[in-house]
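Now for the letters of each chain:
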Amino acid sequence: MKLLKLEWLKFKGHTFFLLGTGLYVLCMVGLIVGIGNIEPLGNRKTGQDGLITLGTFGEMGFYKVPYIWHNITYIAGYFKFIPAFILLFFVANEYKFKTYRQNLIDGLTKSQFYSSKLLSVLFFSLFSTLVIGLTGLIAAIIYNPDMGFSEFFAGSDFLLGYFAEVLFLITFAAFLTFLMRSSTVAIIILLLYYFLIEPFLGFAFMGDYKIFLPTRASRELINEPFSRMTQMDLILGIETAESIPLKELIITFSYTIIFAFGGYIILKKRDA
């Protein structure tokens, strides 16, 4: 509790934390609520005139149980970098403003200091999952009024996949920050690796081996659901996942542990 209280004191009065967290929640909730009204292919209706349309995402079953959990966690994945950047910023500030050194002078050990950061990582990941879970549950109840309460949680294993994806990314971001001690450099490396370097390596590692690249498994936890909603999966003969893949989940958690331990090793070996 002491470490949690210490972290909260660092976060609660900071404008960046309040704005970043507020923006994150508004983006996720707003998009999930509003996406049902988006008309991806126009507003024509299938009928006697022979016109074919899929209408809005809502009409295509975006909020239908059990698919709602797959749909909303995929959408939320686009905003996972926001909590990663928030934590990255605060870890870098520990070095920039020398609060890390002051914490050690005040009696914290390096292990305790690092544990406080891991608690922050866990908090942000759980908070993100909770926001998505509550938003999804409310939407499921509204759009599926005839369902029994237990039925609303069918397919909710995608929340576990989302939690694993966010937890991995935030841990990876924290690892880079402890390595570089600079938020700017860490953000550049994170974005370059995630969007350029590893996708390029993925082409080099053709076949099953590319799943063992650091971020690859987390990317595969929640695949796009829109081919199912638009029935393109039937046309193209592809299969949309009905649950999160166990192999990718295990690999993602394994890399999370590796990067968490790696950050601790870096901290222990460096001087304050």
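As a reminder, the structure under discussion sits directly above these lines.
Residues numbered from 1 in each chain as written. Predicted model: local features only at pLDDT ≥ 70, side-chain atom pairs only at ≥ 80, totals over all residues. Heavy atoms only, no water.

Of note, the amide linkage connecting V65 to P66 takes the cis form, showing an omega dihedral of 5 degrees. Along the chain, P66 falls in the loop between helix 2 (15–34) and helix 3 (67–76). Positive phi, close to 60 degrees, is recorded for K98, a residue that is not glycine. Residue placement: K98 occurs in the loop between helix 4 (81–96) and helix 5 (99–105). Located in the positive-phi region is R181, a residue other than glycine, with phi close to 60 degrees. Mapped onto the fold, R181 is located in the loop between helix 7 (157–180) and helix 8 (183–204). Looking at R181, the relative accessible area reads 33%, which means it is partly exposed. (Helix = DSSP H or I, 4+ residues; strand = E, 2+ residues; numbered from the N terminus. Buried < 20%, exposed > 50% of the residue type's maximum accessible area, 1.4 Å probe, protein only.)

A few words now on empty space enclosed by the protein. Overall, the coordinates contain 1 cavity of 30 Å³ or more when judged by the stated rule. As a volume, the largest cavity reaches approximately 30 Å³. For the largest cavity, the full set of lining residues is T21, Y24, P83, I86, F124, F127 and S128. (1 Å grid on protein atoms, 1.4 Å probe; cavity = no way out; pocket = protein on both sides within 12 Å on 5 of 7 lines; lining within 4 Å. Points joined across faces, edges and corners; volume = space filled by probe spheres on them.)

Let us look at the side chain of E165. Along the chain, E165 falls in helix 7. Sequence-distant contacts of E165, defined by excluding residues within four places in its chain, comprise K80, S218, L221 and I222. (Contact = heavy atoms within 4.5 Å.)

It is worth spelling out the layout of surface pockets at this point. Quantified by volume, the largest pocket comes out at close to 280 Å³. Along its surface, the largest pocket is lined by 13 residues, and G77, Y78, K80, E165 and Y194 are the ones closest to its centre. Put simply, the parts of the chain that give the lining of the largest pocket at least two residues each are helix 3 and helix 8. When the residues that make up the lining of the largest pocket are grouped by side-chain class, the tally is 6 nonpolar, 3 polar and 4 charged. (Nonpolar A, V, L, I, M, F, W, Y, C, P; charged D, E, K, R; others polar.)

On to the pattern of salt bridges, then. Counted under the stated rule, the structure contains 6 salt bridges. For K10, the salt bridge is made with E7, and the minimal N-O distance between the two is 3.7 Å. Here E7 and K10 lie together in helix 1 (residues 2–12), a separation of 3 residues that amounts to about one turn. Its relative accessible area of 23% is what places K10 among the partly exposed residues. Among the ionic pairs, E165 bridges to K80, the shortest N-O distance being 2.4 Å. In this pair, E165 sits in helix 7 while K80 sits in the loop between helix 3 and helix 4, placing the two residues 85 residues apart along the sequence. With relative accessibility at 8%, the residue E165 sits in the buried group. Its relative accessible area of 6% is what places K80 among the buried residues. Three or more residues joined by partner-sharing salt bridges are found here, namely E7, K10, E94 and K117. (Salt bridge = Lys/Arg side-chain N within 4 Å of Asp/Glu carboxyl O.)

Quick look at the packing of aromatic side chains now. A full pass over the atoms with the stated rule returns 30 aromatic pairs. Residues F123 and F124 carry aromatic rings whose centres are separated by 5.7 Å and whose planes lie at 70 degrees to one another, so their mutual orientation is edge-to-face. The exposure class of F124 is buried, given its relative accessible area of 3%. By the ring-pair criterion, three or more aromatic residues cluster together here, those being W8, F11, F16, F17, F89, F90, F123, F124 and F127. (Phe/Tyr/Trp six-rings, centres within 6.5 Å; stacked < 30°, edge-to-face > 60°.)

Interaxial distance between helix 1 and helix 6 (residues 110–143) falls to 9 Å at its minimum, and their mutual angle equals 70 degrees. Accordingly, the angle class assigned to the pair helix 1 and helix 6 is roughly perpendicular. As helix 1 runs across helix 6, the sense of the crossing is right-handed. Between helix 1, through L3, L4, E7, K10 and F11, and helix 6, the contact on the second element is made entirely by Q112, F113, S115, S116, K117, L119, S120 and F124. Grouping the constituent residues of the contact of helix 1 with helix 6 by class yields 6 nonpolar, 4 polar and 3 charged. (Axes fitted to C-alpha atoms, helices over the stretch in contact; angles between N-to-C directions. Parallel < 35°, antiparallel > 145°, perpendicular 65-115°, else oblique. Left-handed = near helix turned anticlockwise from the far one by under 90°.)

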